[in-house]
Amino acid sequence: MCNGDDMQTELENRATAPEGDHVTDRLGRPMRDLRLSVIDRCNFRCTYCMPAEEVGPNFPWLGMSEWLSFEEMLRLVRQFARLGVEKIRLTGGEPLLRAHLPELVKGLRAIPGIKDLAMTTNGILLSLYAADLKEAGLDRVTVSLDALDETVFRTMNGGFDAPAKVLEGIEAAQAAGFKDIKINTVVRRDINMGELVPILTKFRGSDVVVRFIEYMDVGNVNHWESDQVVSSAELIDLISNQWEIEPVAKNYSGEVADRYRYADGSGEIGFVSSISQPFCRPCNRSRLSVDGKLFTCLFATEGTDLREPVRSGESDEELHDRIAAIWTQRTDQYSQLRWGGKKKKDGDKKIEMFYIGG
Ligand code: SF4
């Protein structure tokens, strides 16, 4: 793992021009993965993302006219695909709150170069849409599930619904033909540590992959405290007391999760360690907010507006060059710097995760 200074030296040596049509950033990182936020709203108030006490009923949500239309999203994604994007992850807020989502999936599926179409959801509406999304061409589903115990579940998500509804959604997705469904579980020391073994027991022996996510200092409203973080190393120790697990090689460069499998062949577990083992080095993720701003890091403080150029009639070529210009100047490595002890300047307002997707 290199520290911030090595990466700084590398920065100075890498003002490379884009090769062919695919672009790389100042650290030679390609643009492979686009997180596409289709809505800024959610039907949960997860404590680590949009806690209810900060995001209340009068929160200034974007108006629907501010949202990119599906046509506008497709126009932009075609240019991202030309520049190297192969994987799209639909996100939000809660993406299933956006009406007619299968239509967007169908359009994205038809874009040359897009090989992998995934979606992250809290699962509450999944049983209603799984079959249509599968038919429209969605490849993969990731479902957030922080607890099986109803009280803990509601403590983590601000007091909404029940885990049974999420499990119903997962079953509906499996019935619709989705394989290798992933479960994202954000671990908070003070709330859901007791849920690790029940969640793993629930999915052991199935092709569902549970991934534990270190609690992150995203945005400005989740009151993040470092002592609430449970490192992946600590989790691996805890789980190893119960089951023998062993590390597995990553599927591809830039994959966020460290993969492990049960030694007895009962499946896989993943760990996303942005705090204790940052993964900025191969980070190839860009993020487009629902109102058309391009962000080059989850912890960015500002994005670049692409909606106005789209709505003011810029050509595809101009949009292509505009996106390329943004990515080729990218130097983001927030988690790496945090790990190295460097902090954001006081007053720097990070973008909220529910606006650009995790
Ligand atoms: S902190 Fe930013 S640069 Fe680092 S892995 Fe996350 S999104 Fe990528």
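An account of the accompanying structure is given in this report. (Residues numbered from 1 in each chain as written. Predicted model: local features only at pLDDT ≥ 70, side-chain atom pairs only at ≥ 80, totals over all residues. Heavy atoms only, no water.)

Side note on the nonpolar core
Part 1 of the argument: Ranked by internal contacts, the top residues of the largest apolar core, which has 107 residues, are Leu36, Phe80, Ile88, Leu90, Leu104, Leu108 and Phe212.
Part 2 of the argument: Considering every element that reaches this core, the biggest residue donor is helix α2 (residues 70-82), with seven residues.
Part 3 of the argument: Setting aside anything within four residues of it in sequence, one finds Leu36 in contact with Met73, Val77, Ile88, Arg89, Leu90, Thr91, Leu104, Leu108 and Leu288. (Core = buried A, V, L, I, M, F, W, Y, C linked by side-chain atoms within 4.5 Å. Buried < 20%, exposed > 50% of the residue type's maximum accessible area, 1.4 Å probe, protein only. Helix = DSSP H or I, 4+ residues; strand = E, 2+ residues; numbered from the N terminus. Contact = heavy atoms within 4.5 Å.)

Looking at helix α8 (residues 232-240)
Part 1 of the argument: Restricting attention to buried positions, one finds in α8 the residues Ser232, Leu235, Ile236 and Ile239. Along the axis of α8, the buried residues cluster in a sector spanning 100°; they form a single face.
Part 2 of the argument: Looking at the packing, one finds that the buried side of α8 touches β5 (182-187), α7 (196-203), β6 (209-214), β7 (245-248), β8 (258-262) and β9 (268-272). (Arc of directions from axis to C-beta.)

Structural notes on the pairing of strand β1 (residues 33-37)
Part 1 of the argument: Judged by how many residues are buried, β1 sits mostly within the fold: five of five residues are covered.
Part 2 of the argument: Across the two faces of β1 the burial is the same, with Asp33, Arg35 and Ser37 and Leu34 and Leu36 all buried.
Part 3 of the argument: Sheet analysis places β1 next to strand β2 (residues 87-91), joined by five bridges and oriented parallel. Within β2, the residue paired with Leu36 across the bridge is Leu90.
Part 4 of the argument: One ladder, built from four bridges, connects β1 with strand β10 (residues 285-288); its direction is parallel. What sits directly across from Asp33, in β10, is Arg285. (Pairing = 2+ DSSP bridges.)

Considerations on the packing of aromatic side chains
Part 1 of the argument: As enumerated under the stated definition, the model contains 10 aromatic pairs in all.
Part 2 of the argument: On the numbers, 6.3 Å between centres and 25° between planes, the contact of Phe44 with Phe160 is stacked. Taken together, the positions of Phe44 in the loop between β1 and α2 and Phe160 in the loop between α5 (150-157) and α6 (163-175) put the pair 116 residues apart, joining distant regions of the chain.
Part 3 of the argument: Arranged with centres 5.8 Å apart and planes meeting at 75°, the rings of Phe59 and Phe354 form a pair that is edge-to-face. Of this pair, Phe59 sits in the loop between β1 and α2 while Phe354 sits in helix α12 (residues 353-356); the two residues are 295 residues apart in sequence, bridging distant segments of the chain. (Phe/Tyr/Trp six-rings, centres within 6.5 Å; stacked < 30°, edge-to-face > 60°.)

Quick word on the sheet that holds β2
Part 1 of the argument: If you trace the 12 strands from one edge of the open sheet to the other, you get β7-β8-β9-β6-β5-β4-β3-β2-β1-β10-β11-β12, paired in mixed fashion. The two strands at the open ends of the sheet, each matched to only one other strand, are β7 and β12 (304-305).
Part 2 of the argument: With six bridges connecting them, β5 and β6 associate as parallel partners. Among the inter-strand pairings, Asn184 is bridged to a residue of β6, identified as Arg211.
Part 3 of the argument: Along the sheet, helix α3 (residues 101-109) makes contact with β1, β2 and β3 (116-121), crossing β3 at roughly 155°. (Axes fitted to C-alpha atoms, helices over the stretch in contact; angles between N-to-C directions.)

Quick notes on the packing of helix α4 (residues 126-136) against α6
Part 1 of the argument: Between α4 and α6, whose axes approach to 8 Å, the crossing angle comes to 15°. In terms of axis orientation, α4 runs roughly parallel to α6. The way α4 lies across α6 gives a crossing that is right-handed. Together, Leu126, Ser127 and Ala130 of α4 and Glu168, Gly169, Ile170, Ala172 and Ala173 of α6 make up the contact between the two elements.
Part 2 of the argument: In the contact of α4 with α6, the residues fall into five nonpolar, two polar and one charged. (Parallel < 35°, antiparallel > 145°, perpendicular 65-115°, else oblique. Left-handed = near helix turned anticlockwise from the far one by under 90°. Nonpolar A, V, L, I, M, F, W, Y, C, P; charged D, E, K, R; others polar.)

Section: the environment of Ser144
Part 1 of the argument: For Ser144, the position within the fold is in strand β4 (residues 140-144).
Part 2 of the argument: As a C-alpha pair, Ser144 and Thr24 span 120 residues in sequence and 31 Å in three-dimensional space.
Part 3 of the argument: Beyond its immediate sequence surroundings of up to four residues, Ser144 is in contact with Thr120, Thr121, Asn122, Val166 and Asn184.

A look at the pattern of salt bridges
Side chains that differ in sign of charge can pair as their charged atoms come close.
Part 1 of the argument: One pass over the full model with this rule turns up 24 salt bridges.
Part 2 of the argument: Between Glu246 and Arg261 there is a salt bridge, and its shortest N-O distance comes to 2.7 Å. With Glu246 in strand β7 and Arg261 in strand β8, this pair connects stretches of sequence that are 15 residues apart.
Part 3 of the argument: By relative accessible area, which is 27% here, Glu246 ends up partly exposed.
Part 4 of the argument: What makes Arg261 partly exposed here is its relative accessible area of 39%. (Salt bridge = Lys/Arg side-chain N within 4 Å of Asp/Glu carboxyl O.)

Some details on the side chain of Ser286
Part 1 of the argument: Tracing the chain through its elements places Ser286 in strand β10.
Part 2 of the argument: By relative accessible area, which is 0% here, Ser286 ends up buried.
Part 3 of the argument: Setting aside anything within four residues of it in sequence, one finds Ser286 in contact with Met31, Asp33, Leu34, Arg35, Phe80, Leu294, Phe295 and Trp327.

Concerning the site of the ligand
Part 1 of the argument: Taken together, Phe279, Cys280, Cys283, Arg285, Arg287, Cys297, Leu298, Phe299, Arg330, Asp332, Tyr334 and Ser335 make up the full set of residues near the ligand.
Part 2 of the argument: Those elements giving two or more residues to the shell around the ligand turn out to be β10 and α11 (334-339).
Part 3 of the argument: Of the residues that constitute the shell around the ligand, the class distribution is seven nonpolar, one polar and four charged. (Near = heavy atom within 4 Å.)

Observations concerning the packing of α2 against α3
Two quantities define a packed helix pair, namely the angle between the axes and the distance from one axis to the other.
Part 1 of the argument: One can describe the packing of α2 onto α3 by two numbers: an axis separation of 10 Å at closest approach and a directional angle of 25°. Relative to α3, the element α2 lies roughly parallel. At the point where α2 passes α3, the crossing takes the right-handed sense. On α3, the residues that touch Phe70, Met73, Leu74 and Val77 of α2 are Leu101, Glu103, Leu104, Gly107 and Leu108.
Part 2 of the argument: Of the residues assigned to the contact of α2 with α3, the class counts are seven nonpolar, one polar and one charged.

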